[in-house]
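Read off the chains here:
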Amino acid sequence: ALRALCLAGLGAVLGGGSADQCSWRGSGLSQDAGSVEQLSLHCAEGSLEWLYPTGALRLRLAPRLPPAAAAIKGRSPQHVTACVKPSGTFRGAQLYLEREGVLELLLPEAPRPRVRCFSWSTQKKVALFLQATPHPDISRRIAAFRYELRGDWLARPPLPAASPAAEGACRPCNDSELLMAICTSDFVIRGSIRSVSNDAELQESVIGISAARIHRQKFPLFQGRGRPTGSIRTPLRCGVKPGPGTFLFTGWLHFGEAWLSCAPRYRDFQRIYEGARRARQNPCEFPVD
(Lines give C-alpha, C1' and ligand atoms only; values in the text may rest on other atoms or scores of the structure.)
Protein backbone atom coordinates (compact mmCIF):
# COMPACT_ATOMS: atom_id res chain seq x y z
CA ALA A 1 0.00 0.00 0.00
CA LEU A 2 1.21 3.42 -0.87
CA ARG A 3 1.68 5.74 2.11
CA ALA A 4 2.39 9.44 2.44
CA LEU A 5 5.86 10.96 2.25
CA CYS A 6 6.41 13.45 5.04
CA LEU A 7 8.72 16.32 4.14
CA ALA A 8 10.33 18.73 6.55
CA GLY A 9 9.16 22.29 6.18
CA LEU A 10 5.57 21.44 5.23
CA GLY A 11 3.30 22.08 8.18
CA ALA A 12 -0.12 20.56 8.59
CA VAL A 13 0.84 17.42 6.66
CA LEU A 14 -1.98 14.94 6.96
CA GLY A 15 -0.05 11.76 6.14
CA GLY A 16 2.81 9.85 7.70
CA GLY A 17 6.32 8.96 6.47
CA SER A 18 6.85 6.62 3.57
CA ALA A 19 9.89 4.38 3.30
CA ASP A 20 9.36 3.62 -0.40
CA GLN A 21 9.01 7.32 -1.36
CA CYS A 22 6.37 6.52 -3.97
CA SER A 23 3.58 8.86 -2.91
CA TRP A 24 2.94 12.14 -1.13
CA ARG A 25 -0.11 13.51 0.66
CA GLY A 26 -0.18 16.90 2.33
CA SER A 27 -1.97 20.17 2.92
CA GLY A 28 -1.37 23.69 1.70
CA LEU A 29 -2.99 25.30 4.75
CA SER A 30 0.34 26.32 6.23
CA GLN A 31 1.91 27.45 2.96
CA ASP A 32 2.32 31.07 2.00
CA ALA A 33 0.58 32.09 -1.20
CA GLY A 34 3.88 32.63 -3.02
CA SER A 35 5.85 29.69 -1.60
CA VAL A 36 7.06 26.66 -3.57
CA GLU A 37 7.54 23.34 -1.79
CA GLN A 38 10.19 21.04 -3.28
CA LEU A 39 9.29 17.33 -3.49
CA SER A 40 11.07 14.27 -4.88
CA LEU A 41 9.64 10.78 -5.45
CA HIS A 42 11.70 7.74 -6.40
CA CYS A 43 9.35 4.99 -7.60
CA ALA A 44 8.05 3.81 -10.95
CA GLU A 45 4.47 4.52 -9.89
CA GLY A 46 2.64 6.32 -7.12
CA SER A 47 0.35 9.23 -6.38
CA LEU A 48 0.15 12.78 -5.09
CA GLU A 49 -2.73 14.30 -3.12
CA TRP A 50 -2.60 18.02 -2.26
CA LEU A 51 -5.39 19.17 0.03
CA TYR A 52 -6.42 22.84 0.13
CA PRO A 53 -3.85 23.95 -2.49
CA THR A 54 -1.98 27.17 -1.73
CA GLY A 55 1.23 28.38 -3.35
CA ALA A 56 2.92 25.72 -5.46
CA LEU A 57 4.60 22.33 -5.43
CA ARG A 58 7.59 21.37 -7.55
CA LEU A 59 7.87 17.61 -7.97
CA ARG A 60 10.88 15.76 -9.30
CA LEU A 61 10.30 12.17 -10.46
CA ALA A 62 13.53 10.19 -10.24
CA PRO A 63 12.98 6.40 -10.28
CA ARG A 64 15.76 4.30 -8.85
CA LEU A 65 17.20 1.63 -11.11
CA PRO A 66 16.55 -2.01 -10.20
CA PRO A 67 19.73 -3.48 -8.65
CA ALA A 68 20.21 -5.92 -11.53
CA ALA A 69 20.06 -3.14 -14.13
CA ALA A 70 22.27 -0.80 -12.14
CA ALA A 71 24.95 -3.48 -11.87
CA ILE A 72 25.25 -3.89 -15.64
CA LYS A 73 27.74 -1.56 -17.22
CA GLY A 74 26.18 0.82 -19.67
CA ARG A 75 22.63 0.10 -18.52
CA SER A 76 21.87 3.54 -17.14
CA PRO A 77 18.56 4.67 -18.65
CA GLN A 78 18.68 7.04 -21.61
CA HIS A 79 14.99 7.97 -21.78
CA VAL A 80 12.07 8.02 -19.38
CA THR A 81 8.36 8.17 -20.22
CA ALA A 82 5.92 9.37 -17.57
CA CYS A 83 2.12 9.46 -17.54
CA VAL A 84 -0.17 11.27 -15.12
CA LYS A 85 -3.87 10.57 -14.58
CA PRO A 86 -5.92 13.14 -12.66
CA SER A 87 -8.50 12.08 -10.11
CA GLY A 88 -12.13 12.73 -10.95
CA THR A 89 -12.20 15.46 -8.30
CA PHE A 90 -9.02 17.29 -9.35
CA ARG A 91 -9.63 20.91 -8.25
CA GLY A 92 -7.74 23.91 -6.98
CA ALA A 93 -4.56 23.75 -9.07
CA GLN A 94 -3.06 23.35 -12.54
CA LEU A 95 -0.26 20.93 -13.38
CA TYR A 96 2.61 21.99 -15.64
CA LEU A 97 5.58 20.15 -17.10
CA GLU A 98 8.75 22.11 -16.44
CA ARG A 99 11.34 21.26 -19.09
CA GLU A 100 14.57 23.23 -19.38
CA GLY A 101 12.96 26.17 -17.59
CA VAL A 102 9.88 26.28 -19.86
CA LEU A 103 6.39 25.46 -18.51
CA GLU A 104 3.89 23.42 -20.53
CA LEU A 105 0.33 22.97 -19.24
CA LEU A 106 -0.48 19.29 -18.69
CA LEU A 107 -3.65 19.43 -16.59
CA PRO A 108 -5.89 22.48 -16.28
CA GLU A 109 -8.12 22.85 -13.24
CA ALA A 110 -11.02 20.37 -13.35
CA PRO A 111 -9.51 18.42 -16.28
CA ARG A 112 -11.11 15.61 -18.20
CA PRO A 113 -10.05 12.22 -16.77
CA ARG A 114 -7.59 11.77 -19.63
CA VAL A 115 -4.06 10.45 -19.19
CA ARG A 116 -1.27 12.81 -20.24
CA CYS A 117 2.16 11.41 -21.06
CA PHE A 118 5.56 12.89 -21.86
CA SER A 119 9.11 11.64 -22.41
CA TRP A 120 12.53 13.08 -21.78
CA SER A 121 16.19 12.24 -22.04
CA THR A 122 17.82 11.53 -18.69
CA GLN A 123 20.48 14.05 -19.65
CA LYS A 124 17.88 16.83 -19.34
CA LYS A 125 16.15 18.18 -16.25
CA VAL A 126 12.36 17.98 -15.95
CA ALA A 127 9.91 18.46 -13.10
CA LEU A 128 6.18 18.71 -12.48
CA PHE A 129 5.00 22.10 -11.26
CA LEU A 130 1.65 22.19 -9.45
CA GLN A 131 0.36 25.78 -9.16
CA ALA A 132 -2.60 26.56 -6.91
CA THR A 133 -5.36 28.60 -8.55
CA PRO A 134 -6.87 31.43 -6.46
CA HIS A 135 -10.30 30.73 -4.97
CA PRO A 136 -12.19 32.48 -2.17
CA ASP A 137 -13.02 29.06 -0.68
CA ILE A 138 -10.43 26.28 -0.84
CA SER A 139 -12.06 24.04 1.75
CA ARG A 140 -13.31 21.45 -0.73
CA ARG A 141 -10.50 21.52 -3.26
CA ILE A 142 -8.07 18.64 -3.68
CA ALA A 143 -5.51 18.33 -6.47
CA ALA A 144 -4.70 14.64 -6.83
CA PHE A 145 -3.23 12.45 -9.56
CA ARG A 146 -1.50 9.11 -10.09
CA TYR A 147 1.71 8.70 -12.07
CA GLU A 148 3.55 5.91 -13.85
CA LEU A 149 7.10 5.92 -15.19
CA ARG A 150 8.79 3.58 -17.61
CA GLY A 151 12.33 3.68 -18.90
CA ASP A 152 14.53 1.70 -21.21
CA TRP A 153 15.99 -0.10 -18.20
CA LEU A 154 12.88 -2.33 -18.32
CA ALA A 155 12.29 -5.08 -20.86
CA ARG A 156 8.99 -3.48 -21.86
CA PRO A 157 7.75 -1.23 -24.64
CA PRO A 158 6.76 2.37 -23.90
CA LEU A 159 3.61 3.00 -21.89
CA PRO A 160 0.63 2.16 -24.12
CA ALA A 161 -0.89 5.65 -24.00
CA ALA A 162 2.43 7.49 -24.03
CA SER A 163 1.90 8.83 -27.53
CA PRO A 164 -1.43 7.68 -28.96
CA ALA A 165 -0.94 9.93 -32.00
CA ALA A 166 2.55 8.63 -32.75
CA GLU A 167 3.13 6.96 -36.09
CA GLY A 168 2.99 3.19 -35.74
CA ALA A 169 0.84 3.13 -32.59
CA CYS A 170 -1.73 0.98 -34.43
CA ARG A 171 0.75 -1.00 -36.52
CA PRO A 172 0.47 -4.81 -36.18
CA CYS A 173 3.38 -6.40 -34.34
CA ASN A 174 6.06 -8.03 -36.46
CA ASP A 175 7.22 -11.58 -35.71
CA SER A 176 10.03 -10.56 -33.34
CA GLU A 177 7.78 -8.18 -31.39
CA LEU A 178 5.12 -10.86 -31.07
CA LEU A 179 7.55 -13.49 -29.80
CA MET A 180 8.89 -11.05 -27.21
CA ALA A 181 5.36 -9.98 -26.21
CA ILE A 182 4.33 -13.51 -25.20
CA CYS A 183 7.39 -13.67 -22.91
CA THR A 184 7.20 -10.28 -21.22
CA SER A 185 3.61 -8.97 -21.33
CA ASP A 186 1.50 -8.42 -18.21
CA PHE A 187 -1.20 -10.59 -19.74
CA VAL A 188 -1.42 -13.20 -22.50
CA ILE A 189 -5.00 -14.30 -23.24
CA ARG A 190 -6.32 -16.60 -25.94
CA GLY A 191 -9.89 -15.72 -26.78
CA SER A 192 -12.44 -14.02 -29.00
CA ILE A 193 -13.90 -10.53 -29.31
CA ARG A 194 -17.39 -10.18 -27.80
CA SER A 195 -17.88 -6.45 -28.35
CA VAL A 196 -16.17 -3.16 -29.12
CA SER A 197 -17.32 0.14 -27.60
CA ASN A 198 -15.83 3.55 -28.34
CA ASP A 199 -15.29 6.46 -25.93
CA ALA A 200 -14.95 9.61 -28.01
CA GLU A 201 -14.09 11.79 -24.99
CA LEU A 202 -11.19 9.63 -23.85
CA GLN A 203 -10.30 8.64 -27.45
CA GLU A 204 -10.26 4.98 -26.43
CA SER A 205 -11.84 1.78 -27.69
CA VAL A 206 -12.80 -0.88 -25.13
CA ILE A 207 -12.66 -4.44 -26.47
CA GLY A 208 -14.78 -7.00 -24.62
CA ILE A 209 -12.98 -10.37 -24.59
CA SER A 210 -14.19 -13.89 -23.89
CA ALA A 211 -11.15 -15.93 -22.80
CA ALA A 212 -10.68 -19.52 -23.92
CA ARG A 213 -7.38 -19.81 -22.05
CA ILE A 214 -5.52 -17.49 -19.69
CA HIS A 215 -1.82 -18.05 -20.27
CA ARG A 216 -0.76 -15.20 -17.98
CA GLN A 217 -2.28 -12.32 -16.07
CA LYS A 218 -0.47 -10.50 -13.28
CA PHE A 219 -3.78 -9.32 -11.83
CA PRO A 220 -7.27 -10.84 -12.14
CA LEU A 221 -8.26 -8.91 -15.26
CA PHE A 222 -10.30 -11.79 -16.64
CA GLN A 223 -12.71 -13.47 -14.25
CA GLY A 224 -15.81 -15.65 -14.22
CA ARG A 225 -16.80 -19.29 -14.51
CA GLY A 226 -16.60 -21.17 -17.77
CA ARG A 227 -15.08 -18.69 -20.22
CA PRO A 228 -13.74 -15.75 -18.17
CA THR A 229 -14.45 -12.29 -19.57
CA GLY A 230 -12.65 -8.97 -19.38
CA SER A 231 -11.82 -5.87 -21.40
CA ILE A 232 -8.74 -4.46 -23.14
CA ARG A 233 -8.24 -0.86 -24.27
CA THR A 234 -6.62 0.58 -27.38
CA PRO A 235 -6.50 4.07 -28.96
CA LEU A 236 -9.76 4.94 -30.71
CA ARG A 237 -7.98 5.91 -33.90
CA CYS A 238 -6.83 2.30 -34.38
CA GLY A 239 -10.38 1.56 -35.53
CA VAL A 240 -10.83 -1.84 -33.87
CA LYS A 241 -13.90 -3.72 -35.15
CA PRO A 242 -15.57 -6.85 -33.74
CA GLY A 243 -14.89 -9.95 -35.83
CA PRO A 244 -14.93 -13.75 -35.69
CA GLY A 245 -12.01 -16.00 -34.87
CA THR A 246 -9.62 -16.76 -32.03
CA PHE A 247 -6.86 -14.30 -31.18
CA LEU A 248 -3.88 -14.17 -28.82
CA PHE A 249 -4.17 -10.90 -26.89
CA THR A 250 -1.06 -9.50 -25.19
CA GLY A 251 -0.44 -6.21 -23.47
CA TRP A 252 0.29 -4.15 -20.37
CA LEU A 253 -1.37 -2.77 -17.30
CA HIS A 254 -1.69 1.01 -17.34
CA PHE A 255 -3.24 2.66 -14.27
CA GLY A 256 -4.90 -0.66 -13.45
CA GLU A 257 -6.38 -1.13 -16.94
CA ALA A 258 -5.37 -3.61 -19.64
CA TRP A 259 -3.95 -2.05 -22.83
CA LEU A 260 -3.38 -3.95 -26.04
CA SER A 261 0.08 -4.64 -27.44
CA CYS A 262 -0.06 -7.50 -29.96
CA ALA A 263 -3.18 -9.45 -31.01
CA PRO A 264 -2.52 -11.89 -33.87
CA ARG A 265 -5.00 -14.53 -34.93
CA TYR A 266 -4.10 -17.64 -32.99
CA ARG A 267 -3.41 -19.74 -36.08
CA ASP A 268 -0.94 -17.08 -37.29
CA PHE A 269 0.76 -17.08 -33.90
CA GLN A 270 1.10 -20.89 -34.03
CA ARG A 271 2.81 -20.67 -37.41
CA ILE A 272 5.21 -17.93 -36.27
CA TYR A 273 6.06 -19.68 -33.00
CA GLU A 274 6.68 -23.07 -34.61
CA GLY A 275 8.94 -21.47 -37.22
CA ALA A 276 10.96 -19.73 -34.50
CA ARG A 277 11.13 -22.94 -32.46
CA ARG A 278 12.53 -24.91 -35.39
CA ALA A 279 15.09 -22.15 -35.97
CA ARG A 280 15.79 -21.99 -32.21
CA GLN A 281 14.99 -18.30 -32.21
CA ASN A 282 12.06 -18.22 -29.76
CA PRO A 283 13.03 -16.15 -26.66
CA CYS A 284 10.93 -18.30 -24.29
CA GLU A 285 8.90 -21.49 -24.20
CA PHE A 286 5.17 -21.16 -24.74
CA PRO A 287 2.43 -23.83 -24.76
CA VAL A 288 1.05 -24.20 -28.28
CA ASP A 289 -1.75 -26.61 -29.12
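Residues numbered from 1 in each chain as written. Predicted model: local features only at pLDDT ≥ 70, side-chain atom pairs only at ≥ 80, totals over all residues. Heavy atoms only, no water.

Under an unreviewed UniProt entry, the name given to the protein is METRN protein, and the source organism is Eubucco bourcierii. Under Sequence similarities (unreviewed entry), UniProt gives the following word-for-word description of the protein: "Belongs to the meteorin family." Here is the UniProt Subcellular location (unreviewed entry) comment for the protein, exactly as written: "Secreted". (UniProt positions renumbered as here; feature names shortened; annotations may be inferred.)

Comments concerning the overall build of the protein
On a plain count of helices and strands, the protein comes out with three helices and 15 strands. Within the protein, the proportion of its 289 residues that are buried is 42%. Counting only contacts in the protein whose residues sit at least 6 apart along the sequence, the fraction spanning at least 24 positions is 61%. (Helix = DSSP H or I, 4+ residues; strand = E, 2+ residues; numbered from the N terminus. Buried < 20%, exposed > 50% of the residue type's maximum accessible area, 1.4 Å probe, protein only. Contact = heavy atoms within 4.5 Å.)

A short note on the side chain of Asp186
Summarising the element assignment, Asp186 is placed in the loop between helix 2 (175-184) and strand 11 (187-199). The exposure class of Asp186 is buried, given its relative accessible area of 3%.

Considering the pattern of salt bridges
Inspection of the entire model under this criterion finds eight salt bridges. Salt-bridge contacts for Lys218 lead to Asp186; the nearest nitrogen and oxygen are separated by 3.2 Å. One end of the pair, Lys218, is in the loop between strand 12 (204-217) and strand 13 (229-235); the other, Asp186, is in the loop between helix 2 and strand 11, and 32 residues separate them in sequence. Exposure remark for Lys218: the relative accessible area of 46% places this residue in the partly exposed category. Across the pair Glu274 and Arg277 runs a salt bridge whose closest N-O atoms are separated by 2.7 Å. With a gap of three residues between them, Glu274 and Arg277 both fall in helix 3 (residues 266-278), about one helical turn apart. A relative accessible area of 24% means that Glu274 is categorised as partly exposed. Taking relative accessible area as the criterion, Arg277 reaches 41% and is therefore assigned partly exposed. Among the charged side chains, a network of salt bridges with common partners joins Glu204, Arg233 and Glu257. (Salt bridge = Lys/Arg side-chain N within 4 Å of Asp/Glu carboxyl O.)

With respect to the nonpolar core
With 29 residues, the main nonpolar core has Leu48, Trp50, Leu128, Leu130, Phe145 and Tyr147 as its most contacted residues. Filtering out sequence-adjacent residues up to four positions away, Phe145 remains in contact with Ser47, Leu48, Leu59, Val84, Lys85, Pro86, Ser87, Phe90, Leu95, Leu128 and Leu130. Grouped together as the second largest cluster of nonpolar side chains are 13 residues, Leu179, Ala181, Ile182 and Cys262 included. (Core = buried A, V, L, I, M, F, W, Y, C linked by side-chain atoms within 4.5 Å.)

Some points on the state of the cysteines
Under the definition given, this model contains five disulfides. The disulfide that involves Cys83 links it to Cys117, with 1.9 Å between the sulfurs. The sign of the S-S torsion, about 105°, decides the handedness of the disulfide formed by Cys83 and Cys117: right-handed. With Cys83 in strand 5 (residues 79-86) and Cys117 in strand 8 (residues 116-121), this pair connects stretches of sequence that are 34 residues apart. Given the relative accessible area of 0%, Cys83 is considered buried. Under the relative-accessibility criterion, Cys117 is labelled buried at 14%. The disulfide bridge from Cys173 ends at Cys262, spanning 1.9 Å between sulfur atoms. The sign of the S-S torsion, about -90°, decides the handedness of the disulfide formed by Cys173 and Cys262: left-handed. In this pair, Cys173 sits in the loop between strand 10 (142-151) and helix 2 while Cys262 sits in the loop between strand 15 (257-260) and helix 3, placing the two residues 89 residues apart along the sequence. Judged by its relative accessible area of 28%, Cys173 falls in the partly exposed class. Here the disulfide map of the protein reads 1-2, 3-4, 5-8, 6-9, 7-10, the bonded cysteines being numbered as they appear in the sequence. (Disulfide = S-S within 2.5 Å.)

What about the sheet that holds strand 2 (residues 36-41)?
For sheets, the rule is that strands pair by backbone hydrogen bonds, running either parallel or antiparallel. If you trace the five strands from one edge of the open sheet to the other, you get 2-4-9-6-7, paired in mixed fashion. Across the chains shown, the open sheet's two edge strands, defined by having one partner strand only, are strand 2 and strand 7 (102-107). Sheet twist, expressed as the mean angle between neighbouring strand axes with direction ignored, is 25°. By the bridge criterion, six bridges tie strand 2 to strand 4 (residues 56-61) in an arrangement that is parallel. Across the sheet, residue Leu39 finds its bridge partner in strand 4, namely Leu59. (Pairing = 2+ DSSP bridges. Axes fitted to C-alpha atoms, helices over the stretch in contact; angles between N-to-C directions.)

Regarding the pairing of strand 6 (residues 93-99)
Burial analysis of strand 6 places five of its seven residues in the buried class, the great majority of the element. Judged from the seven bridges that link them, strand 6 and strand 9 (residues 126-132) form a sheet pairing that is antiparallel. Each bridged residue has a counterpart across the sheet, and for Leu97 the counterpart in strand 9 is Leu128. As defined by bridge partners, strand 6 adjoins strand 7 across five bridges and the pair is classed as antiparallel. Across the sheet, the residue bridging to Tyr96 is Leu105, located in strand 7. The hairpin formed by strand 6 and strand 7 contains two residues between the paired strands, and Glu100 there has a positive phi angle of roughly 55°.

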